[in-house]
Amino acid sequence: MTGRELSQALNRVQLSVRQFSRLTGSQPRTIEKWLDDPTAQTPHWVRVLLALLAQPANMEVARHISDAALIEEEDRGDTPHTVGI
């Protein structure tokens, strides 16, 4: 998946860079690097995950898991690196 394709896929599933970062545990700057270079190849898991997230039921599960992780981090006093999705 190229940076251009990543941008299109994020738009299709209605996720911002920060939201995708939170969901994947990736740093936002890593995702932004992929987006800034339209010919850069992303890891295979990016394509797989975005295809799964295109299904509304999968997105709902992902949001639930991410929200639970955010609550756990806050309970431990950790500072999450991004916002929930």
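Shown above is the structure to which this text applies.
Conventions adopted
Residues numbered from 1 in each chain as written. Predicted model: local features only at pLDDT ≥ 70, side-chain atom pairs only at ≥ 80, totals over all residues. Heavy atoms only, no water. Helix = DSSP H or I, 4+ residues; strand = E, 2+ residues; numbered from the N terminus. Rg over C-alpha atoms; globule rule 2.2 N^0.38 Å. Buried < 20%, exposed > 50% of the residue type's maximum accessible area, 1.4 Å probe, protein only. Contact = heavy atoms within 4.5 Å. Areas by Shrake-Rupley, 256 points an atom, 1.4 Å probe, with all protein chains shown as cover. Lys, Arg positive; Asp, Glu negative; His and termini not counted. Charge placed at Lys NZ, Arg CZ, Asp CG, Glu CD. Arc of directions from axis to C-beta. Axes fitted to C-alpha atoms, helices over the stretch in contact; angles between N-to-C directions. Parallel < 35°, antiparallel > 145°, perpendicular 65-115°, else oblique. Left-handed = near helix turned anticlockwise from the far one by under 90°. Nonpolar A, V, L, I, M, F, W, Y, C, P; charged D, E, K, R; others polar.

Draft legend 1. Geometry of the overall build of the protein. What the protein contains, in helices and strands, is 5 helices and 0 strands. In terms of C-alpha radius of gyration, the protein reaches 13 Å, essentially the compact-globule figure of 12 Å for 85 residues. A principal-axis box enclosing the C-alpha atoms of the protein has dimensions of 40 × 25 × 20 Å. Within the protein, buried positions represent 33% of all 85 residues. Partitioning the contacts of the protein with sequence separation of at least 6, the portion at a separation of at least 24 is 68%. If you sum the accessible surface of the protein, you get close to 5,300 Å²; carbon and sulfur atoms cover 51% of it. Side-chain charges in the protein split into 9 positive and 11 negative, and the spacing between the mean points of these groups amounts to 7 Å.

Draft legend 2. Structural context of the side chain of Thr42. Relative to the elements of secondary structure, Thr42 occurs in the loop between helix H3 (28-36) and helix H4 (44-53). Setting aside its immediate chain neighbours within four residues, Thr42 contacts Met1, Leu6 and Trp34.

Draft legend 3. Representation of helix H1 (residues 3-12). By the burial criterion, the buried members of H1 are Gly3, Leu6, Ala9 and Leu10. Buried residues of H1, viewed axially, fall in a sector of 120°; they line one side. Facing away from the buried side of H1, by more than 90 degrees, are the exposed residues Arg4, Asn11 and Arg12. Close packing links the buried residues of H1 with helix H2 (17-24), H3 and H4. The positive-phi residue at the C-terminal boundary of H1 is Gln14, with phi of around 55°.

Draft legend 4. Main features of unusual backbone geometry. A positive phi angle, near 55°, is found at Gln14, a position not held by glycine. Here Gln14 shows up in the loop between H1 and H2.

Draft legend 5. Inspection of the environment of Ala68 at higher detail. Secondary-structure assignment places Ala68 in helix H5 (residues 56-76). With relative accessibility at 30%, the residue Ala68 sits in the partly exposed group. Ala68 sits 36 residues away from Glu32 along the chain, and the two C-alpha atoms are 25 Å apart.

Draft legend 6. Quick peek at the packing of H1 against H4. With their axes 10 Å apart at the nearest point, H1 and H4 run at an angle of 25° to one another. What the angle tells us is that H1 and H4 run roughly parallel. For the crossing formed where H1 meets H4, the hand is left-handed. Together, Glu5, Leu6, Ala9 and Leu10 of H1 and Val46, Arg47 and Leu50 of H4 make up the contact between the two elements. The residue inventory of the contact of H1 with H4, partitioned by class, reads 5 nonpolar, no polar and 2 charged.

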